[in-house]
Amino acid sequence: MKCLLIASESAEMLFYWTDSEFQQNIQKQYGASQEEGHEVFPAFEDSISTLFAPIIISFSTMVTEADSYTSFTTENNHIYVLHQFDECLYIAVNGDGEEKEEDLRRKIYVMNKMIEVLFGMVTLSGNLLRKLRARDTEQRLRLWKHLQSLLETYSHLQENDQSFLVEAVERLIHPTLCEQCIEFLERRLVQQINSSVERGGEEVLHAFILVHTKLLAFYSRNASILSTSDLLALIIMAQNMYPSNVDVDDPSPEDIDSTSGSGHESFYTPEPSPTDKDSSSSKPVRGSTPVFEFVDPDIQMAEDSLSTLEVYPPDPATPHKVFLEVSQKDGLYPMMPHSMYCLKLWPGITLVLLTKFPHSGVAMSVYTFWEAFAKLEKRLNEGQGGSTRGQPMHEVRSKLDKFLKTLALNGIQSSQLQNVWTEFKNRAFSRGGPGFSRLILWCKNMKTQLCGIYRQCFLSDSGPDDTPRHLSPGLRERAQTMVEQLMDWKDFLLVKSKRNITMVYLEDFPGLVHFICVDRSSGQMIAPSLSITERTTSELGKGPVAQYIKNKMWSLVSTTRHYLQKGYSTLTLRDGDFYFCYFLWFENETGFKLEAKDIPIMPDDSAPIGMLAQNHYKLLRYYNKNHPGETVKCYELLTVHLGVIPTEIILQHCRQLASKLWEPSRNPLL
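The name given to the protein in an unreviewed UniProt entry is HPS1 biogenesis of lysosomal organelles complex 3 subunit 1, with Maylandia zebra as the source organism.

1. Quick word on the overall build of the protein
Within the protein, the secondary structure is distributed over 18 helices and 20 strands. Here the protein holds 670 residues, and 54% of them are scored as buried. Look at the contacts in the protein between residues 6 or more apart in sequence, and 72% of them connect residues 24 or more apart. If you sum the accessible surface of the protein, you get close to 30100 Å²; carbon and sulfur atoms cover 49% of it.

2. Here's the deal with the side chain of H514
Structurally, H514 is set in strand β16 (residues 512–519). Among the residues examined, H514 registers a relative accessible area of 1% and is labelled buried. Within polar-contact distance, the side chain of H514 engages the side chain of Q162 at 2.8 Å. Residues within four places of H514 in sequence aside, it is in contact with Q162, A527, P528, S529, L530, I549, M553, L638, T639 and V640.

3. Quick look at helix α16 (residues 544–565)
Helix length check: α16, at 22 residues, gives a terminal C-alpha distance of 32 Å against a target of 32 Å (1.5 Å per residue), a fit within 8%. Turning to α16, its buried residues are A546, I549, K550, M553, W554, L556, V557, T560, R561, L564 and Q565. Seen along its axis, α16 keeps its buried residues to an arc of 165°; they face one direction. Directly after α16, the chain includes G567, whose backbone phi takes a positive value near 100°.

4. Thoughts on the sheet that holds strand β9 (residues 203–211)
In space, the five strands of this open sheet follow the order β10-β9-β14-β13-β12, with antiparallel pairing throughout. Only two strands of the sheet have a single neighbouring strand rather than two, namely β10 (214–220) and β12 (320–328). Across this sheet, the average inter-strand angle for adjacent strands is 30°, counted without regard to direction. Two strands pair when backbone bridges link them, and β9 and strand β14 (residues 349–356) are joined in this way by eight bridges, in the antiparallel orientation. Within the sheet, the bridge partner assigned to V204 lies in β14 and is T355. The strands touched by helix α10 (residues 360–381) are β12, β13 (331–346) and β14; relative to β13, the strand with the most contacts, the crossing angle is about 140°.

5. A few points about a nonpolar patch on the surface
Taken together, the side chains of L619, Y622 and Y623 define a hydrophobic patch exposed on the protein surface, amounting to about 320 Å² of accessible area. Position of Y622 relative to the elements: it lies in helix α17 (residues 616–623).

6. Side note on the environment of W17
With respect to the element layout, W17 can be found in strand β2 (residues 13–18). W17 sits 12 residues away from L5 along the chain, and the two C-alpha atoms are 6.2 Å apart. Contact partners of W17, with chain neighbours within four places excluded, come to K2, C3, L4, K107, Q148, L151 and E152. In terms of polar contacts, W17 uses its side chain to reach the side chain of E152, at 2.8 Å.

7. So, empty space enclosed by the protein
Where empty space is left becomes clear once a probe the size of a water molecule has been rolled over the atoms. In the structure shown here, the tally under the stated rule is three cavities of 30 Å³ or more. Size it by volume and the largest cavity reaches roughly 70 Å³. Looking at the largest cavity, the residues that line it are V166, V518, R520, V557, T560, R561, L564, Y582, Y617, E636 and L638. No other element matches α16, which puts four residues into the lining of the largest cavity. Along the lines of polarity and charge, the residues of the lining of the largest cavity split into seven nonpolar, one polar and three charged.

8. Let's talk about the pattern of salt bridges
Tallied over the entire structure, the rule returns 19 salt bridges. Two residues, K2 and E98, come together in a salt bridge whose shortest N-O distance is 2.7 Å. Pair noted here: K2 is in strand β1 (residues 2–8) and E98 is in the loop between β7 (88–94) and α3 (101–119), with a separation of 96 residues, a long-range link. Overall, K2 belongs to the buried group, its relative accessible area being 11%. With relative accessibility at 57%, the residue E98 sits in the exposed group. The closest approach of N and O atoms between R221 and E203, which form a salt bridge, is 2.5 Å. Here the residue R221 occupies a position in the loop between β10 and α8 (228–241), and E203 occupies one in strand β9, the gap between them amounting to 18 residues.

9. Structural notes on the sheet that holds strand β17 (residues 524–526)
By definition, the strands of a sheet pair up through backbone hydrogen bonds, in either a parallel or an antiparallel sense. Reading across from one edge, β8-β17-β16-β20-β19-β18 is the order of the six strands in this open sheet, with mixed pairing throughout. Edge strands, defined here as strands with exactly one partner in the open sheet, are β8 (169–170) and β18 (570–575). In this structure, β16 lies alongside β17, joined through three bridges in antiparallel fashion. Paired with V518 across the strands is M525, a residue of β17. Seen against the sheet, α17 touches β19 (578–587) and β20 (633–642) and runs at an angle of roughly 60° to β19.

10. Topic: the pairing of β7
Of all seven residues in β7, seven are buried; the element is thus mostly enclosed. Burial along β7 is two-sided: the residues C88, Y90, A92 and N94 and L89, I91 and V93 are all buried. Bridging between strand β6 (residues 79–85) and β7 involves seven bridges; their strand directions are antiparallel. In the sheet register, Y80 faces β7, and the bridge partner there is V93. In sequence, β6 turns back onto β7 through a hairpin of two residues, with D86 there showing a positive phi of about 55°.

11. Remarks on the packing of aromatic side chains
Throughout the structure, instances matching the rule amount to 23 aromatic pairs. Summarising the aromatic geometry, the rings of F59 and Y69 are spaced 5.7 Å apart at their centres and angled 90° between planes, so their arrangement reads as edge-to-face. Pair noted here: F59 is in helix α2 (residues 44–64) and Y69 is in the loop between α2 and β5 (71–73), with a separation of 10 residues, a long-range link. Classification of F59 as buried rests on a relative accessible area of 5%.

Thresholds, definitions, all that
Residues numbered from 1 in each chain as written. Predicted model: local features only at pLDDT ≥ 70, side-chain atom pairs only at ≥ 80, totals over all residues. Heavy atoms only, no water. Helix = DSSP H or I, 4+ residues; strand = E, 2+ residues; numbered from the N terminus. Buried < 20%, exposed > 50% of the residue type's maximum accessible area, 1.4 Å probe, protein only. Contact = heavy atoms within 4.5 Å. Areas by Shrake-Rupley, 256 points an atom, 1.4 Å probe, with all protein chains shown as cover. Polar contact = N/O pair within 3.5 Å; in protein donor to acceptor, adjacent residues only side chain to side chain. Expected span 1.5 Å × (residues − 1). Arc of directions from axis to C-beta. Pairing = 2+ DSSP bridges. Axes fitted to C-alpha atoms, helices over the stretch in contact; angles between N-to-C directions. Patch = residues over 30% accessible without salt bridge, like charges linked within 9 Å, V, L, I, M, F, W, Y side chains within 5 Å. Salt bridge = Lys/Arg side-chain N within 4 Å of Asp/Glu carboxyl O. 1 Å grid on protein atoms, 1.4 Å probe; cavity = no way out; pocket = protein on both sides within 12 Å on 5 of 7 lines; lining within 4 Å. Points joined across faces, edges and corners; volume = space filled by probe spheres on them. Nonpolar A, V, L, I, M, F, W, Y, C, P; charged D, E, K, R; others polar. Phe/Tyr/Trp six-rings, centres within 6.5 Å; stacked < 30°, edge-to-face > 60°.

Right, dumping it as structure tokens:
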């Protein structure tokens, strides 16, 4: 019995998801009425609103009185976890004992992350995010169905995929093929698309190939890397569009050894792609064929500004708006608009292109101003009202005046923002000055209006970039050459995605059953396969032993997160015939292990430890810096040994394994 919902402070239902058991329980609880001899159940949305309304109102009241709660358990052992993001309340429920509080809290944060990727800065305004609940019932159900599907896809991956268990990206390890694919993405795809005179103002920033959930090749043409959190979210979206069916997609491996190559090769990623080769051999894109075509819309879209995100269109050539973090020299800009093109090369193998959205500079300016008013609001709440006359706000004043003029020149409706800004200036920069509470209110109004400009530009049908885009036949031909490039490797890749690393190291580490090693600095992980299906097995087979180890690894990860939250970086425990170890440590750029410092203790209701919802390890790396300019790398290692192996041998194995997996010759993932 599982449920997750999002509600406004007024108990208005913005989104909900339930499994069939929870839905049946609700219908049974509220019963059916008799109409003309037939049983008629009340609308499920009305029933679930009735069920949760007292909880929502109670939570809102307690928050107002600064005495809130984050979880509770009912008499029938149903666990409720609550968390408020701005003006929206998330509630996750479990009644079958399969999820703990930590699992429910993680699900809430991941759902919020996916909504941020889909809606961008609109999530920073509760009034605008209420567009999740469209007026039209059919329209609302389509949007909710899409969000529900994303949540179910994440839950499936988190329960079955090791990379989503530890929230890090796993890369297919085959140096030759990876290097060829990266070079192909750079020279024959990205460069030719971006050099086309008819690319329609779009520019490919990132391109990568997925084999199921594993990364085969990744190419980025600028200095701004794709964060691990965003990449994991995009993998969820790609899997939601083209779900992996291992028994159908993958060939049955006849020769397991052929998927692993040599034992030494399985521990290395490819060298950087050559940059000095002559690219003249690449086939040019035909100049007569536009790379990105712009077509006139045939039908006026619904008035809801977020209707374009209701459900993915069936045409894979249609881009999807996504909002991702961008790193610039002057700082980080979260939730910047991109277009995501996702093309299915074969079942289980997907090509993803991320393009720069036209007028993305507007989004950066909007976020810069929004952040300035958010900081001012915080200072005012702390009683530092005099800071409004400081130099930073005067800089914001001149820049925002210029920004409003630019919006007008580009035909963007900004009269409401102009009116609120004029009123704010009259109050903030006058000699007398208003009361702090009134100025706080106008800070909120400014943030709302800025989010409104963002919505108009990037999520509204009336924005400057509202014309639908489609991949042209020229780009489809480019993708087809990718198919030709991988034709001879297709079956190999599908098998290797389930047998990425084989246990060829048993001679070096006798008694080692399984391990997961994670580089938290680059967001990548290495682990032997734990796939357990009818046609695909791991080194442990597909019987009860493999399933037992899989269950224990999932339990071990949960346990280590609990102790890491309490400030522990090392954990060893014996469970029956097995011995489990966990280590977290830090190194500098030269590979020198840094002296361990006290890890901060986090409260029980803090953000879940991981990288998808919130990068907890970035905080840990910051705490372990000896000086501001130092680069600190963070690693984790989880191992499972047979219990008969002496403890000193196990610890020796862990040191040697960590050294072998992260040798200096390895390249960062992104």
